[in-house]
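One letter stands for each residue in the lines below.
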Amino acid sequence: ADAKDDKQPPSNIDNLNDMLSFVKAALCHGAYAVLCIVIIFVVKTFYVDSKANSETYVGMLIAGVNMTKLYVTILGISVPMLLSLNALITLDTDDDRYWLTYWAVYAIYTFLTIIFEEILFEDTWLWYAIQGSVYVWLYMPGLDGCLVISNTILKPY
């Protein structure tokens, strides 16, 4: 009797819960993408492309290409590095696995961006703004883009 109980197909409630989890995750990822697009559009329109604002100290601090490179480095490397070091201190192995997955996906993404950066984007500021958004998406709690990439693209191969 126990062998039959172990091999029962999932119930409709389990399927419904899985579907609701998928829809919730898709909505969160979509909302993040829309938020990034709006923020990038506003900053680009009012600071990068605006002659008056781009020459001010605040405009250069917010939207200067060199500052944008710095922000992307902080978002993509420094913050995850500190969180990875924190994960190494804990006894839990799940956070270690999570950050190892992040760094694997980060390496693949960085390799691909090196190949396609010059081909796809002439606007350097826009490229770095998109790249920073992707880095945050990869590790932001609740979105965990590195797990999405790992589970859908890397694990099947």
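Only a predicted model underlies this, so the values are computations on that prediction, with no experimental measurement involved.

### A word on a nonpolar patch on the surface
- Side chains of Ile108, Phe111, Leu112, Ile115, Phe116, Ile119, Leu120, Ile153 and Leu154 sit close together on the surface and give an oily, nonpolar patch of about 840 Å² of accessible area.
- When residues of the nonpolar patch are traced back to their parent elements, those giving at least two are helix H6 (93–120) and helix H8 (145–154).
- Examined against the element boundaries, Leu154 turns out to sit in helix H8.

### A word on the packing of H6 against H8
- Direction vectors running N to C along H6 and H8 enclose 70°, while the axes themselves pass 9 Å from each other. By the angle class used here, H6 and H8 are roughly perpendicular. Here H6 contributes Tyr98, Thr101, Tyr102, Val105 and Ile108 to the contact with H8, which in turn contributes Cys146, Leu147, Ile149, Ser150 and Leu154.
- For the contact of H6 with H8, the per-class residue count stands at 8 nonpolar, 2 polar and no charged.

### With respect to the nonpolar core
- By size, the foremost hydrophobic cluster in this structure holds 19 residues, and its most contacted members are Tyr32, Trp99, Tyr102, Tyr135, Leu138, Tyr139 and Cys146.
- Only helix H2 (12–48), helix H5 (65–89), H6 and helix H7 (124–139) provide two or more residues apiece to this core.
- Among the elements that make up this core, the one with the highest residue count is H7 (7 residues).
- In contact with Tyr32, other than residues within four places in its own chain, are Ser133, Val136, Trp137, Met140 and Leu143.

### Considering H8
- Of the residues making up H8, those classed as buried are Gly145, Cys146 and Ser150. One side of H8 holds all its buried residues, which, seen down the axis, span an arc of 135°.
- Considering only its buried residues, H8 is in contact with H6 and H7.

### Overview of the environment of Pro156
- Note that Pro156 resides in the segment after H8.
- Classification of Pro156 by relative accessible area gives exposed; the value is 53%.
- When sequence neighbours within four positions are dropped, the list of residues in contact with Pro156 reads Ser150 and Asn151.

### Quick word on the confidence of the model for the protein
- Summarising the model, the protein shows a mean pLDDT of 80, and 82% of its residues fall at 70 or more.
- Summarising per-element confidence for the protein, the mean pLDDT is lowest in helix H1 (residues 2–6) (52) and highest in H8 (87).

### Thoughts on the side chain of Thr113
- The topology assignment puts Thr113 in helix H6.
- Look at Thr113 and you get buried, because its relative accessible area is 6%.
- Residues contacting Thr113, with those up to four places away along its chain left out, are Trp127 and Gln131.

### Describing unusual backbone geometry
- Positive phi outside glycine occurs at Asp144, with the angle close to 45°.
- Tracing the sequence through the fold places Asp144 in the loop between H7 and H8.

### Observations concerning the packing of aromatic side chains
- In this structure the tally under the stated criterion is 9 aromatic pairs.
- When the ring of Trp103 is compared with that of Tyr106, the centres are 5.4 Å apart and the planes differ by 75°; the resulting orientation is edge-to-face. With Trp103 and Tyr106 both in helix H6 and 3 residues apart, this pair spans about one turn of that helix.
- Residue Trp103 is classed as partly exposed on the basis of its relative accessible area of 26%.
- Ring pairing ties together the aromatic residues Tyr98, Trp99, Tyr102, Trp103, Tyr106, Tyr109, Tyr135 and Tyr139, which thus form one cluster.

Here is what the cut-offs are and how they apply
Residue numbers restart at each chain and count upward from 1, following the sequence in its written direction. With pLDDT at 70 or above as the cut-off, local features in this predicted model cover only qualifying residues; side-chain atom pairs require 80 or more to be listed or tallied, and sums for whole chains, interfaces and linings still use all residues. Remark: hydrogens and water are excluded; side-chain values derive from all non-hydrogen atoms of the structure. Residues form patches when they are more than 30% accessible in relative terms and have no salt bridge. Like charges link within 9 Å. Nonpolar side chains (Val, Leu, Ile, Met, Phe, Trp, Tyr) link within 5 Å. We get accessible surface area from the Shrake-Rupley algorithm with a probe of 1.4 Å; when it comes to residues, only the shown protein chains can shield them. Each salt bridge in this description consists of a side-chain nitrogen of Lys or Arg and a carboxyl oxygen of Asp or Glu lying within 4 Å of one another. Only runs of H or I of at least four residues qualify as helices and only runs of E of at least two qualify as strands under DSSP, and these elements are numbered from the N terminus. Axis lines are fitted through C-alpha atoms, for helices just across the contact stretch, and the angle between N-to-C directions can take any value from 0 to 180 degrees. Here roughly perpendicular refers to angles of 65 to 115 degrees, roughly parallel to angles under 35, roughly antiparallel to angles over 145, and oblique to all remaining angles. In this analysis, two residues are considered to be in contact whenever any of their non-hydrogen atoms come within 4.5 Å of each other. By the convention adopted, Pro, Cys, Tyr, Trp, Phe, Met, Ile, Leu, Val and Ala count as nonpolar, Lys, Arg, Asp and Glu as charged, and the other residues, Gly among them, as polar. Nonpolar cores were defined as sets of buried Ala, Val, Leu, Ile, Met, Phe, Trp, Tyr and Cys residues, with membership established by side-chain atoms within 4.5 Å. Between buried and exposed lies partly exposed: a residue is buried under 20% and exposed over 50% of the maximum accessible area for its type, with that area taken using a 1.4 Å probe on protein chains only. Here, the arc refers to the directions that run from the helix axis to the C-beta atoms. One confidence number per residue, pLDDT, is output by the predictor and ranges from 0 to 100. Stacked, tilted and edge-to-face pairs are distinguished by plane angle, under 30 degrees for stacked and over 60 for edge-to-face with tilted covering the rest, among Phe, Tyr and Trp rings (Trp via its six-membered ring) whose centres lie within 6.5 Å.

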